[in-house]
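Architecture at a glance
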Amino acid sequence: MTFLSTPDAIGSDLPRRDGPAKVRGTAVYAYETPAEGAAYVHPVQATIARGRITAVDTAAAEALDGVAAVLTPATAERLASTEDRELAALQDEEVAFRGQVVALVVADSSETARHAASLVRVDYARQPHDAELRADRDDLYAPEQVNPAFPTDTTEGDVDAALAAAEVTVQQTYTTAMNHNNPMEPHATTARWDPADGGSLTLWDSTQGVHPTRTTLARVFGLDEERIRVVCPYVGGGFGSKGQPHVNVVLAALAARALPGRPVRLALTRQQMFCLAGYRTPTILRCSLGADRDGTLTALAVDVVEQTSRIKEFAEQTGVPARIMYATANRRTTHRLAALDVPVPSWMRAPGECPGMFGPEVAMDELAERLGMDPIDLRVRNEPDVEPGSGKPFSSRNLVGCLREGAERFGWDRRDPRPGVRRRGAWLVGTGVAASTYPVNRMTRSTAVIRREGDRYVAEIGAADLGTGTWTTLPQIAADALGVPVSRVEVRIGDTDYPMASVAGGSSGMTTWGSAVVEAARALRERYGNEPPDGAAATGSVGRPDDRYAMHAFGAQFAEAHIHADTGEVRVPRLLGVFAAGRIINPRTARSQFIGGMTMGLSMALHESSVLDPRSGHVVNHDLADYHITANADVSEIEAHWLPEHDPHVNAMGSKGIGEIGIVGTAAAVSNAVWHACGVRVRDLPITLDKVLPALEDG
């Protein structure tokens, strides 16, 4: 590709720089790191949901040829900090959930380690457990805050009085299922302790943040951060599950500590990931809407119930998006948790916004139905002039533009609003729409260095590319700021030897790291002019956001659903999304992210459900044979478009995060399309034929 001497690198449709290495199989992932003489680690997991270990018999495992060590609560190293109980591996005999690691085998081969783990015998004293989430529990409690630091509850006006006086109301309960991240690359680590000079730890880890992982491990093991190095050039998907260190990283470090100087490898099996690597909590949303006959909202309430683990609290911010979406004088959002004997929930793509927009956006569709009003017109009528709650002006808000553009592209004007009237052979056909939003997140800490090396510029920052395109988009940002062709810019990322970078999470990566890169480029140019000498370098750090404005990305998702009139089978052959997400750094990688998000949203709508048996505390469909996810055959046409959006307030690039907004409204759009196809309102995800067929049979 030919570039001008002063190219506008941002906005160029460039192929991924990491693409050839991944396609050819030369990209080295954490578990594949060259490590001569490596040992292999396999965990032993608890078979009870709650209780205490009374005995561990390791004799048969230790007698096996090739076994190097067996660690138990009695023999494992004492950690410096056990404050985070999820990470307090093998520190006591308490069992807090089924699947908790109760022993660890290290052996010369992965096969030997797995077999030896099966020979470890563990006896327990069982205790009564509780693993059932219900909205009518008498022990629900309000957390101090919801992820990451939002108020638990908010109230404006008098919701109950407004609902009582409303001309039209919708008051329904909606549920989303427990979902598990299932990245293609499992959670994997190669670890090595160097005993020289008091000991240092190197981790090659599949993580969304090398520096946050180092900080966590330093605290757990009581080490200075300088004695830990974390390396992660490539990640085979994470979707939030690799955004925070889980117990597998601690286990790998413990195993390496037991074999000083010898590298060890640990990769969780698919089944182990269902209890050791986080998940999206199931949610119960009670949504209440009140409106005048003209569609003006007079009341909006979202009351959320979700679960957390008894040993570590995670409160998903499910009610937060309802605080800013639509204008009304009376608004309430609440969060209540049930602390259960279950694994620890964590981030999953678009935490909060993803489950939190399902109920309200289906409720808006139900309100439009009762009003006899077009669902798009209802949303447009309730556009706020400023951000509800804070009163801040929006840096930019183009939700109406997304709805209008999407409607035109989707052919919404040809839609008959009546449900169940369109048919193609045996299939009932319907269309639905939902809005989406995601905040513009900028982390407070990240630093980049840009250096002239010969004819090239090198940008160094400890950022992570979890498959989103960072290897490609950071050079575009640097080239744009330097005023040079992209071909002259190289980036070095994924290593704590590079300057500190925040986690790749909350759609904050480019906003944060890109801002630091721009600052470094500006400093280099200001100090050395247009042609810095070889070896010249400058540093830049992310600045504080302009907090005078409310900053959000917005979007609109459209879905076409087909329902088989005889079997209730649900198909979604068409998805379309239009987004307003600031300046697009690279159209090719952006489209990939939008489509990826919508695909995960379709998966959430139709398939994904982790079935937890409350009698055992066990997710019974804990592999990809039984935990179904959307595949290519599940949607034949999927489109992602975006509006040109100039927003000078968000950051130096004018960009907003795009990795998560694609998933947010998709499930609601699908549910609304299913209703339009057959007249059945499915309020509990996933939308399976057993929820549709009885209503079809009743006519």
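Cut-offs and rules
- By convention here, each chain's residues receive numbers from 1 onward along its written sequence.
- Predicted model: local features are reported for residues with pLDDT of at least 70 only, side-chain atom pairs are reported and counted for 80 or more only, and whole-chain, interface and lining totals are derived from all residues.
- With hydrogens and water stripped out, all remaining heavy atoms of the structure feed into the side-chain values.
- Here a helix means four or more residues in a row that DSSP labels H or I, a strand means two or more in a row labelled E, and each is numbered from the N terminus.
- Every radius of gyration here is taken over C-alpha atoms, with the globule rule written as 2.2 Å times N^0.38, N being the number of residues.
- Accessible area is worked out with a 1.4 Å probe on protein chains only. A residue is then buried under 20% of its type maximum, exposed over 50%, and partly exposed in between.
- By definition in these notes, contact holds between two residues if any of their heavy atoms fall within 4.5 Å.
- Residue-level accessible areas treat just the shown protein chains as cover; the underlying method is Shrake-Rupley with a 1.4 Å probe.
- Nitrogen and oxygen atoms within 3.5 Å of one another constitute a polar contact, given that in protein one can donate a hydrogen and the other can accept it, and given that sequence-neighbouring residues count only through two side-chain atoms.
- Throughout, disulfides are identified as pairs of cysteine sulfur atoms within 2.5 Å of each other.
- Think of a salt bridge as a Lys or Arg side-chain nitrogen and an Asp or Glu carboxyl oxygen that are within 4 Å of each other.
- Only when DSSP finds a minimum of two bridges between them are two strands counted as paired.
- Only centres within 6.5 Å qualify two rings of Phe, Tyr or Trp (six-membered ring in Trp) as a pair; their planes then separate them into stacked at under 30 degrees, edge-to-face at over 60, and tilted for everything else.
- Cation placement over rings: the criterion is NZ of Lys or CZ of Arg within 6 Å of the ring centroid and within 35° of the ring normal.
- To define a nonpolar core, start from buried Ala, Val, Leu, Ile, Met, Phe, Trp, Tyr and Cys residues and group those joined through side-chain atoms within 4.5 Å.
- Expected span of a helix, by definition, is 1.5 Å for each gap between consecutive residues, and there is one gap fewer than residues.
- Each residue carries a pLDDT score, the predictor's own confidence in it, on a scale running from 0 to 100.

Our next topic: the overall build of the protein. For the protein, the helix and strand inventory stands at 16 helices and 28 strands. Against the globule reference of 27 Å for 699 residues, the protein gives a C-alpha radius of gyration of 26 Å, in line with a compact fold. Projected onto the principal axes, the alpha-carbon positions of the protein cover approximately 75 × 70 × 50 Å. Residues counted as buried form 62% of the 699 residues belonging to the protein. In the protein, 81% of the contacts between residues at least 6 apart in sequence involve partners at least 24 apart. For the protein, the computed accessible surface area is about 26,000 Å², with 48% contributed by carbon and sulfur atoms.

Let us look at the side chain of serine 206. Relative to the elements of secondary structure, serine 206 occurs in the loop between strand E12 (200–205) and helix H5 (210–221). A polar contact of 2.8 Å, which involves the side chain of serine 206, links it to the side chain of lysine 242. The contact partners of serine 206, leaving out residues within four places of it in the chain, are Ala30, Glu185, Pro186, Ala188, Cys232, Val235 and Lys242.

In the structure shown here, the tally under the stated rule is zero disulfides. The structure places no disulfide on cysteine 287, whose sulfur is separated from the nearest cysteine sulfur, that of cysteine 354, by 14 Å. The exposure class assigned to cysteine 287 is buried, which follows from its relative accessible area of 1%.

Further remarks concern the pattern of salt bridges. One pass over the full model with this rule turns up 49 salt bridges. Where aspartate 416 meets arginine 418, a salt bridge forms, and the shortest distance between an N and an O atom there is 2.7 Å. In this structure aspartate 416 comes out as partly exposed when scored by relative accessible area, which is 23%. The class of arginine 418 is exposed, set by a relative accessible area of 52%.

Turning our eyes to something else, we now look at the pairing of strand E20 (residues 447–453). Here five bridges tie E20 to strand E23 (residues 537–541), and the two strands are oriented antiparallel to one another. Counterpart to alanine 448 in the pairing with E23 is glycine 540. The pairing of E20 with strand E21 (residues 456–460) spans five bridges and is antiparallel. Paired with arginine 452 across the bridge in E21 is tyrosine 457. What sits between the antiparallel neighbours E20 and E21 is a turn of two residues, in which glycine 454 has the positive phi angle 65°.

On to the packing of aromatic side chains, then. If you walk through the whole model with that rule in mind, you get eleven aromatic pairs. Residues phenylalanine 274 and tyrosine 627 carry aromatic rings whose centres are separated by 5.4 Å and whose planes lie at 75° to one another, so their mutual orientation is edge-to-face. Separated by 353 residues along the polypeptide, phenylalanine 274 in helix H7 (residues 270–276) and tyrosine 627 in the loop between strand E27 (618–619) and strand E28 (637–642) bring together distant segments of the chain. Comparing phenylalanine 274 with tyrosine 627 shows no difference in burial state: the two are buried. Members of the aromatic cluster, connected to one another through ring pairs, are Tyr29, Tyr234 and Trp471. Seen from the ring of tryptophan 193, arginine 257 lies directly overhead, with NZ or CZ sitting 4.1 Å from the centre. Sitting above the plane of the tyrosine 31 ring, arginine 265 keeps its charged end 6.0 Å from the centroid.

This part covers the side chain of serine 515. Tracing the chain through its elements places serine 515 in helix H12 (residues 509–528). For serine 515, a relative accessible area of 4% corresponds to the buried category. In this structure the side chain of serine 515 is engaged in a polar contact, spanning 2.5 Å, whose partner is the backbone oxygen of threonine 511.

Counting 88 residues, the largest nonpolar core has Phe221, Ile450, Ile461, Leu474 and Ile477 as its most contacted members. Counting 87 residues, the second largest nonpolar core, distinct from the first, contains Ala368, Ala553, Val578 and Val680.

Moving on, we get to the environment of arginine 137. Position of arginine 137 relative to the elements: it lies in the loop between strand E6 (121–126) and strand E7 (145–146). By relative accessible area, arginine 137 is classed as buried at 8%. Distance in space between the C-alpha atoms of arginine 137 and leucine 251 is 35 Å, their sequence separation being 114 residues. Not counting chain neighbours up to four residues away, the residues in contact with arginine 137 comprise Asp130, Glu132, Ala338 and Leu340. For arginine 137, the side chain forms a polar contact with the main-chain oxygen of glutamate 132, separated by 2.7 Å. Side chain to side chain, arginine 137 and aspartate 139 meet in a polar contact 2.8 Å long.

Here three strands make up an open sheet; going across it, the order is E4-E2-E6 and the pairing antiparallel. A single partner strand is all that each edge strand has here, and the edge strands are strand E4 (94–95) and E6. Here six bridges tie strand E2 (residues 51–57) to E6, and the two strands are oriented antiparallel to one another. Looking at E6, one finds that aspartate 57 is bridged to arginine 121.

The first and last C-alpha atoms of helix H6 (residues 247–258) sit 17 Å apart over twelve residues, in line with the 16 Å expected at 1.5 Å per residue. In terms of burial, H6 is largely enclosed, as ten of its twelve residues are buried. Within H6, burial applies to Val247, Asn248, Val249, Val250, Leu251, Ala252, Ala253, Leu254, Ala255 and Ala256.

Looking now at the confidence of the model for the protein. Caution applies to low-pLDDT regions: their predicted coordinates should not be interpreted in detail. On average, the protein scores 96 in pLDDT, and the residues at 70 or more come to 99%. Of the regions scoring below 50 in pLDDT, residues 1–6 engages in ten contacts with residues more than four places distant in sequence or in other chains.

Here phenylalanine 579 lies in strand E25 (residues 570–580). Linking phenylalanine 579 and alanine 103, residues 476 residues apart in sequence, is a C-alpha distance of 48 Å. Every residue in contact with phenylalanine 579, bar those within four places of it in the chain, is listed here: Cys402, Ser436, Phe554, Gly555, Gln557, Phe594, Met598, His641, Trp642, Leu643, Ile661 and Gly662.

Cis geometry is adopted by the peptide bond preceding proline 148, which originates at asparagine 147 and carries an omega value of -10°. Assignment of secondary structure puts proline 148 in the loop between E7 and strand E8 (150–151). Backbone torsion omega between leucine 685 and proline 686 reads 0°, so that peptide bond is classified as cis. Residue placement: proline 686 occurs in the loop between helix H15 (666–678) and helix H16 (689–697). With a phi close to 60°, leucine 90 is a non-glycine residue in the positive phi region. Of note in the backbone geometry, phenylalanine 239 takes a positive phi value of approximately 60° without being a glycine.

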